[in-house]
Amino acid sequence: MASLSSAISNPAHSLSPTAFVPNKIFYFSNQCRALLPPPPPPHRSPTCRIGFVSGLERQKALKTHIFASVTVDTPVGTSPEKVQLPKGDSWSVHKFGGTCVGSSERIKNVAEIVLNDESERKFVVVSAMSKVTDMMYDLIYKAQSRDESYLAALDAVLVKHRSTAIDLLDGDELGGFLSALHHDISNLKAMLRAIYIAGHATESFTDFVVGHGELWSAQLLASVVRKNGVDCKWMDTREVLIVNPTGSDQVDPDFEVSGQRLEKWYSKNPSKTIIATGFIASTPQDIPTTLKRDGSDFSAAIMGALFKAGQVTIWTDVDGVYSADPRKVSEAVILRTLSYQEAWEMSYFGANVLHPRTIIPVMRYDIPIIIRNVFNLSAPGTKICRSSATEDEVGQSLESFVRGFATIDNLALVNVEGTGMAGVPGTASAIFSAVKDVGANVIMISQASSEHSICFAVPEKEVKAVSEALQSRFREALNAGRLSQVQVIPNCSILAAVGQKMASTPGVSATLFNALAKANINVRAIAQGCSEYNITVVLKREDCIRALRAVHSRFYLSRTTIAMGIIGPGLIGATLLDQLRDQAATLKEEFNIDLRVMGITGSRTMLLSETGEDLSRWRELQKEKGEPADMEKFVQHVHGNHFIPNTVLVDCTADSVIASHYYDWLRKGIHVVTPNKKANSGPLDQYLKLRALQRQSYTHYFYEATVGAGLPIINTLQGLLETGDKILRIEGIFSGTLSYIFNNFVGRRTFSEVVAEAKQAGFTEPDPRDDLSGTDVCRKVIILARESGLKLELSDIPVESLVPESLKDSASAEEFMQKLPQFDHELTKKRQIAEEAGEVLRYVGVVDVVNQKGVVKLQAYKNDHPFAQLSGADNIIAFTTTRYKDQPLIIRGPGAGAEVTAGGVFSDILRLASYLGAPS
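Because the structure is predicted, anything quoted here is derived from the model rather than measured. (Residues numbered from 1 in each chain as written. Predicted model: local features only at pLDDT ≥ 70, side-chain atom pairs only at ≥ 80, totals over all residues. Heavy atoms only, no water.)

Novice: Any details on the overall build of the chain? Residues and values, ideally.
Specialist: Helices and strands together make up the secondary structure of the chain, namely 35 helices and 32 strands. In the chain, the proportion of contacts linking residues at least 24 apart, taken out of those at least 6 apart, comes to 72%. Looking at the chain as shown, the accessible area adds up to about 39,900 Å², and 49% of this sits on carbon and sulfur atoms. (Helix = DSSP H or I, 4+ residues; strand = E, 2+ residues; numbered from the N terminus. Contact = heavy atoms within 4.5 Å. Areas by Shrake-Rupley, 256 points an atom, 1.4 Å probe, with all protein chains shown as cover.)

Here it is in C-alpha cells:
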C-alpha cells in the first residue's frame, strides 16, 4: 500500500506496467505508463520509448490488459514517403466548445458547419462534450476521497458517450469507436482504483484522466465527418503540442518542437480535414498535461499559429463579444470588430471574450480570430484582429474609441500613505515585495505624483494576509510616523473602459467621469496607462452595476437614457403620459433622448415594468396588471432594478406627503421634476435643506410648472440672477382661474355668475373656494420670493381672500355656490369704482424684494396697463430689475389647464435630459 501511494504521489518512485498490491493487481496501458518515470535502463529496449497510443493503434488495441510501449520511430500503417505540411491561408482553424458538442444533435450540427466551410483545408479543435470535464474531475475527487461511487460515475461517462455514438454512427465506425471507448474506460477504472487506494492523485494523473473527454469528442466528430464522405483524420494533440509548465497554473507552448512534431504527424496522417483534441498537451517528457483555463481556445490559437492559418474561428453559444456583460447590462451590443489589444484588455478585466494568452499565438502572424455563435449562423460575430495604423480617424465619434466595459468584483483597496514615502527610493519595491511574499495578485495600482501614497487593489480574500504582511514589514516606519497608515478599504469593484487610442482622445475621460458623476457614483481610485487601451476606476461594490450601466448608457445607448416614474396619473399626470407617448419616438430618433416610463403609481394602484411601459395602453395595463400602491417598492423598482443609470421621479400630485420624500430621493441620486408646490412653499427650513442638497450634488430638482404652468417663469428668474441682475419686484397674475374670472367680470355680469361659468368650463378646482381663497397664489409668491433670496414663510404673506367670511365653513361646494350670489354686491361696487377711474380689477401676487415682503391682493390697474390687456385664462408676470427698471420684463401666456401644465413638466424633463448629456 505504502509503495503504491508513494509512486502515485511522487514521480521519483517508479511503477512497473503491472503494479502489485496485496490481493490486488492493476494493469496500466502504455498511456498510463507515460505518466510514470522510465524503468531502470537494463529493463528498457534501446529502440523503444514510452509514448502515446495513436488513434489508429487505439482502435487496433489488443483485448488484453497488458500493453507494450510504442516505438514512435517506425511509422505504423503509413506510406514511407514523407508528405510535406502545407501552411498558410489555405488552412481555416475552428474551435468548438463543450456546449457546441453537448449532444448527438449538436455534434451533427458541428459536422455540418465543418462540411459547409469552403476553405481548402480545415483544422477543427473540439472540447469535451458539455459537463464531461466536470464529470472527469469528479471521478478524481471521488476516487481520492475513497468514495466508491466513482465506479457509478465512470459508468455514467461510459453511457453518455456510448449512447451518443449509437445515435451518430453505425457499422465499422461505431464498432471502432466503442472498442476504443471500452478500452479507455477499462484503463481509467484501473487507474482510479489505484488512486482510490492511495487516497491521492498527482497533477499529472489528474490531467491524464480529465483529458479523455476531448479524445472521445474528437473521435466522434471525425467519424461523423467521414460518414458524410469526407476524408478526415483525428489528432490526439498530446502527440503534437509540447508545453512547459510555468507555475501560476499556466503553461508556455514550445512552438519549435510542436512545429516539428506537427510536420511529423502530418507526414503520417495527411488530410485536408483534421479533427483535434483541445485542452490537452504533453510536457517535454511526454507526460500528459492540460492547457489549463480556456485550454481549448488556447489549443486552437497555437495550432492556428503552427499552420499560419488564414483565420481562427471560436464557436460558442453567444453572438459575439458584447460591449458589456449582457447579464448586467441588458442592452449591451455585439461588437463587430476588436483589436487584439482591446480583446486582451477586456479579457483581463473579466469580460467573457478570450483568455489573454489565447491571443498571443495568433498575434505573431496577424491571424484574425472570429467569435461566432454555433446556434445562430446568421450572426456575423466579432472579428479580433490587428487594427490598421493608417486607419482614418477623422470624424470618428467618442463612442468609436470606447469599445467595451468590464468589471471585477470582490476586491479590496489597500492604501499605504505617509510623508516619509516621498522621494524615498525602494518604498514601492518593499510594498510589492511584501505582497508577492504572501502570493497575492495585484489587480490595479495607483500612485499620486506627490509620492505621498500608493494604493492598489487585490482580491478581497487575500487582503487580510496583505495587510498583515505590510504591517509587519513597515512596523518600524509606522511606529516612527514615517508612514501614517496601512488602510484597507473593503467591498470594492473595478470598472474598466477599453478602447483603441481612448486615453489620447480628448473628451473620452471627461465623458466617462461625467456619466459616473451624473449617476451619483463616487470614484475611489483611478488608473490609466500610457498604452491608451484602458481607463480603470475603483468603486464601491454596491455601485458597480449602476456605474457600468451609466457609462454604457452614455456611450452605447441613446445619448441620454432616463428611467421615469410617474406619480399621480390624474388629469396632469395622464396628460403628460399621453404627451410622452406621442413624442417618444421623435425624441429618440432625432434628439437621441430615450425616456422609459418604468412605473406609474396612484394612491391605490401602481403599474411596474422592467423595460418601459407601453404608453399606448397604460390605462388598460393599469387595470389588468396593476398592484397595490407601495411607494417604497415603486421607488426601488424605478431606481434600482433595471439597466438605466439615470432616474427621475415626476410628481404630478399636490400632495405634501409625496413632497416630503424629495430630500431622500435626491440624496439617493434620483432626480425630481414636479408641478407640486408643496415642497417649495412648505416650512422654510425644509426648503433650505432641499436646495442646499440640490446645489452640492449632481442630482437635479426642476419645478418650473409650480408657478406658471408651461410659462418659463422660474427659468427666467434664475437666468436673471445667475447673470448678475438684481431683482427689485415681481408682480403678476399667477392664477389662470382668477385671470379668467376677472377678465370676464365686466359689464352687468355678477361675480357669482362668472365663477359658475368658470367652474362649468373646468377652470376652477372642484371646490372654487380653493381658487378664491388666494392660497394657491400665495404659494407661488412664496416660491418666487425664496427663489429671489427672501427667507419668508407662508404665514408671512398677507392674503386678500375672495371667499366671504361666512361662506368659508360651508358644508359643500354646492352650498357655497348657492349662497355666493348673496355677496355679489361687494365686488360689483369695487368694479364700478375701478371703471369710473378708468381701471380694471386684477387678482395679483407681489414680491417686494427691496422691502423683503410679499402680498396677495385684489388690485386696480389702468386700462392701458399690460395687466389690463389679458384675455381668457392667461397669466402675466412682470420682473422689475436693475436692468429692466424703466420697462419691466414681461412674460405672458396660458397659465392654467392640463395641457400647458403637463407641457411645462415635459419641458423640465427635457431640460434634465440636456443636463445629463443630450444634445441641446
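Novice: So what about the sheet that holds strand 29 (residues 839–848)? Which residues, and what values?
Specialist: If you walk across this open sheet you meet the five strands as 30-29-28-31-32, and the pairing is antiparallel. Every other strand in the sheet has two partners, leaving strand 30 (853–862) and strand 32 (889–894) as the edge strands with one partner each. Averaged over all neighbouring strand pairs, the angle between strand axes comes to 20°, with direction disregarded. With six bridges joining them, strand 31 (residues 874–881) and strand 32 adopt antiparallel strand pairing. In the strand pairing of strand 32, Ile877 is matched with Ile891. Running over the sheet, helix 28 (residues 713–722) touches strand 28 (727–733), strand 31 and strand 32 and is turned about 10° from strand 31. This element, helix 32 (residues 775–787), spans strand 28, strand 29 and strand 30 of the sheet and lies at about 40° to strand 29. (Pairing = 2+ DSSP bridges. Axes fitted to C-alpha atoms, helices over the stretch in contact; angles between N-to-C directions.)

Novice: Summarise the pattern of salt bridges; cite the residues concerned and give the values.
Specialist: Within the structure shown, the criterion is met by 41 salt bridges. In this structure, Asp664 and Arg667 form a salt bridge, with 3.2 Å as the shortest nitrogen-oxygen distance. Placement of both Asp664 and Arg667 in helix 24 (residues 662–667) is noted, with a separation of three residues, approximately one turn of the helix. Between Arg769 and Asp767 there is a salt bridge; the shortest N-O distance is 2.8 Å. This pair shows no difference in class: Arg769 is buried, exactly as Asp767 is. The network of salt bridges with shared partners includes Asp578, Arg581, Asp582 and Arg619. (Salt bridge = Lys/Arg side-chain N within 4 Å of Asp/Glu carboxyl O. Buried < 20%, exposed > 50% of the residue type's maximum accessible area, 1.4 Å probe, protein only.)

Novice: Tell me what's going on with the pairing of strand 8 (residues 273–277), and back it up with residues and numbers.
Specialist: Counting buried residues in strand 8 gives five out of five residues, a clear majority hidden from the surface. Sheet analysis places strand 4 (residues 121–126) next to strand 8, joined by five bridges and oriented parallel. Residue pairing in the sheet places Val126 in a bridge with Thr277 of strand 8.

Novice: Describe the packing of aromatic side chains, listing the residues and the values that go with them.
Specialist: One pass over the structure, following the stated rule, counts 16 aromatic pairs. Where Tyr861 meets Phe867, the ring centres are 5.0 Å apart and the plane angle is 55°; that geometry is what we call tilted. Here the two residues Tyr861 and Phe867 agree in accessibility, since each one is buried. Feature note: the residues Trp91, Phe123, Tyr266 and Phe307 constitute an aromatic cluster, connected by ring pairs. One cation-aromatic arrangement involves Lys689 over Tyr663; the distance from NZ or CZ to the ring centre is 4.4 Å. If you follow Arg831 out to its NZ or CZ, it ends over the ring of Phe745, 4.4 Å from the centre. (Phe/Tyr/Trp six-rings, centres within 6.5 Å; stacked < 30°, edge-to-face > 60°. Lys NZ or Arg CZ within 6 Å of the ring centre and 35° of its normal.)

Novice: Can you explain unusual backbone geometry? Please cite residues and give values.
Specialist: The phi torsion at Lys131 lies on the positive side, around 75°, for a residue other than glycine. If you check the backbone angles, Arg146 has positive phi at about 55° while not being a glycine. Looking at where Arg146 falls in the secondary structure, it is placed in the loop between helix 5 (132–144) and helix 6 (150–168). For Arg146, a relative accessible area of 47% gives the class partly exposed.

Novice: Give a description of the environment of Trp265 that names residues and reports values.
Specialist: Structurally, Trp265 is set in helix 10 (residues 255–268). Residues Trp265 and Val240, spaced 25 residues apart in sequence, show a C-alpha to C-alpha distance of 7.3 Å. Once residues lying within four places of it in the same chain are set aside, the contact partners of Trp265 are Lys233, Trp234, Met235, Glu239, Val240 and Ile274.

Novice: Now, about the packing of helix 8 (residues 203–210) against helix 9 (residues 212–227): what can you tell me, with residues and values included?
Specialist: One can describe the packing of helix 8 onto helix 9 by two numbers: an axis separation of 4 Å at closest approach and a directional angle of 25°. In terms of axis orientation, helix 8 runs roughly parallel to helix 9. Each of Phe208, Val209 and Val210 in helix 8 lies in contact with helix 9, whose residues at this interface are His212, Gly213 and Glu214. Taken together, the residues that form the contact of helix 8 with helix 9 break down as three nonpolar, two polar and one charged. (Parallel < 35°, antiparallel > 145°, perpendicular 65-115°, else oblique. Nonpolar A, V, L, I, M, F, W, Y, C, P; charged D, E, K, R; others polar.)

Novice: Let's hear about the sheet that holds strand 22 (residues 593–601): which residues, and what values?
Specialist: Spatially, seven strands are ordered 24-23-22-21-25-26-27 in an open sheet, and the strand pairing comes out mixed. A strand with exactly one partner marks an edge of an open sheet, and here the two such strands are strand 24 (627–628) and strand 27 (701–702). Where strand 21 (residues 560–567) and strand 25 (residues 646–651) come together, six bridges link them in parallel fashion. Each residue of the ladder has a partner; that of Gly565, found in strand 25, is Leu649. Packed onto the sheet, helix 35 (residues 898–915) meets strand 21, strand 22, strand 25, strand 26 (671–673) and strand 27 and runs at close to 130° relative to strand 22.

Novice: How would you explain the packing of helix 15 (residues 427–437) against helix 16 (residues 463–473) if you had to name every residue and give the values?
Specialist: Taken N-terminus to C-terminus, the directions of helix 15 and helix 16 make an angle of 135°; their axes are 9 Å apart at the nearest point. Considered as vectors, helix 15 and helix 16 are oriented oblique to each other. You can see that helix 15 and helix 16 cross each other, and the crossing is right-handed. Counted together, Ala430, Ile431, Ser433, Ala434, Val435 and Asp437 of helix 15 and Val466, Ala469, Leu470 and Arg473 of helix 16 form the full contact between these two elements. Partitioned by chemical class, the residues of the contact of helix 15 with helix 16 number seven nonpolar, one polar and two charged. (Left-handed = near helix turned anticlockwise from the far one by under 90°.)

Novice: Explain the environment of Val850 to me, using residue names and the numbers behind them.
Specialist: As for its position among the elements, Val850 is in the loop between strand 29 and strand 30. Residue Val850 is classed as exposed on the basis of its relative accessible area of 57%. Through-space distance from the C-alpha of Val850 to that of Leu728 is 5.6 Å; in sequence the pair is 122 residues apart.

Novice: Describe in detail helix 5, supporting the description with residues and values.
Specialist: The end-to-end C-alpha distance of helix 5 is 19 Å, a good match for the 18 Å that 13 residues give at a rise of 1.5 Å each. Along helix 5, the residues that are buried comprise Val132, Met136, Leu139, Ile140, Lys142 and Ala143. Buried positions along helix 5 lie against helix 6, helix 7 (171–198), helix 8 and helix 9. Where helix 5 terminates, the next one or two residues include Arg146, which has phi positive at roughly 55°. (Expected span 1.5 Å × (residues − 1).)

Novice: Give me the confidence of the model for the chain: which residues, what numbers.
Specialist: Summing up the model confidence of the chain, the mean pLDDT is 85 and the portion of residues at 70 or higher is 87%. Counted against residues more than four places away or in other chains, residues 1–80, with its pLDDT under 50, gives 138 contacts. For the stretch residues 388–396, pLDDT sits under 50, and the model shows four contacts to residues farther than four places along the chain or on other chains. (pLDDT = per-residue confidence, 0-100.)

Novice: Pulling in residues and values, what's your account of the environment of Gly420?
Specialist: With respect to the helices, strands and loops of the structure, Gly420 is situated in the loop between strand 15 (404–417) and helix 15. Placed 61 residues apart in sequence, Gly420 and Gly481 show a C-alpha to C-alpha distance of 7.7 Å.

Novice: Give a detailed account of the side chain of Thr277, specifying residues and quantitative values.
Specialist: Mapped onto the secondary structure, Thr277 falls in strand 8. Reaching out from Thr277, the side chain makes a polar contact with the side chain of Thr237 at a distance of 2.6 Å. Discounting chain neighbours no more than four positions away, the residues touching Thr277 are Val125, Val126, Glu214, Leu215, Ala218, Trp234, Met235, Asp236 and Thr237. (Polar contact = N/O pair within 3.5 Å; in protein donor to acceptor, adjacent residues only side chain to side chain.)

Novice: Residues and numbers for helix 11 (residues 295–307), please.
Specialist: Between its terminal C-alpha atoms helix 11 stretches 18 Å, which fits the 18 Å expected from 13 residues at 1.5 Å a residue. Positive phi shows up at Lys308, right after helix 11, with a value of about 50°.

Novice: Mind laying out the pairing of strand 16 (residues 444–447), listing which residues take part and the relevant values?
Specialist: Two faces, one strand: in a regular strand the side chains alternate between the faces of the sheet. Here strand 16 shows a buried face lined by Met444 and Ser446 and an unburied face lined by Ile445 and Gln447. Examined bridge by bridge, strand 16 and strand 17 (residues 453–459) share four bridges and lie antiparallel to one another. The partner of Ile445 across the bridge, within strand 17, is Phe456.

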